[in-house]
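The primary structure of each chain is shown beneath.
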Amino acid sequence: RAHTNMIREREERQRKGIKHQVKHIRGKTVILTFAMQGWGNWVNTAFFVLFTAIFNCTGSDGSQDDCSYEQEVTWRLVYGLGTLLVFILFIGRWMY
């Protein structure tokens, strides 16, 4: 009987310790989620500007060139890059 009580007490201490660790990690996870959203938006905008400059459709030269094809390629590249990164994230979460 005493042995069973000792096992229960040890399991209870382990559960409390795990709950404390999860609460501590949960706070960090929430903060990192919101911080990474800001960084993601900044990097996404930087890629849009970069691809627009590569395709020379910035409009800085005052020309009225039709850049609709280049704009379409730009948003597809940025969208595809984001999809690739999410896919890599899912693979990492699945494996570890």
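So, how was this worked out
Residues numbered from 1 in each chain as written. Predicted model: local features only at pLDDT ≥ 70, side-chain atom pairs only at ≥ 80, totals over all residues. Heavy atoms only, no water. Helix = DSSP H or I, 4+ residues; strand = E, 2+ residues; numbered from the N terminus. Buried < 20%, exposed > 50% of the residue type's maximum accessible area, 1.4 Å probe, protein only. Contact = heavy atoms within 4.5 Å. Disulfide = S-S within 2.5 Å.

1. What about unusual backbone geometry?
Okay, step 1: Phi is positive for Asn-56, close to 55 degrees, though the residue is something other than glycine.
Okay, step 2: Position of Asn-56 relative to the elements: it lies in the loop between helix H1 (2-54) and helix H2 (68-95).
Okay, step 3: On the basis of relative accessibility, which here comes to 58%, the residue Asn-56 falls in the exposed class.

2. Focus on the side chain of Thr-74
Okay, step 1: Within the fold, Thr-74 resides in helix H2.
Okay, step 2: When near neighbours in sequence (up to four residues on either side) are disregarded, Thr-74 contacts Phe-48, Phe-51, Thr-52 and Phe-55.

3. A few points about the state of the cysteines
Okay, step 1: Tallied over the full model, the rule gives one disulfide.
Okay, step 2: Between the sulfur atoms of Cys-57 and its disulfide mate Cys-67 the distance is 2.3 Å. On the S-S bond that ties Cys-57 to Cys-67, the torsion sits near -90 degrees, and the link is left-handed. Residue Cys-57 is found in the loop between H1 and H2, and its partner Cys-67 is found in the loop between H1 and H2; the two are separated by 10 residues along the sequence. Per residue, the accessibility class of Cys-57 equals that of Cys-67, and both read buried.

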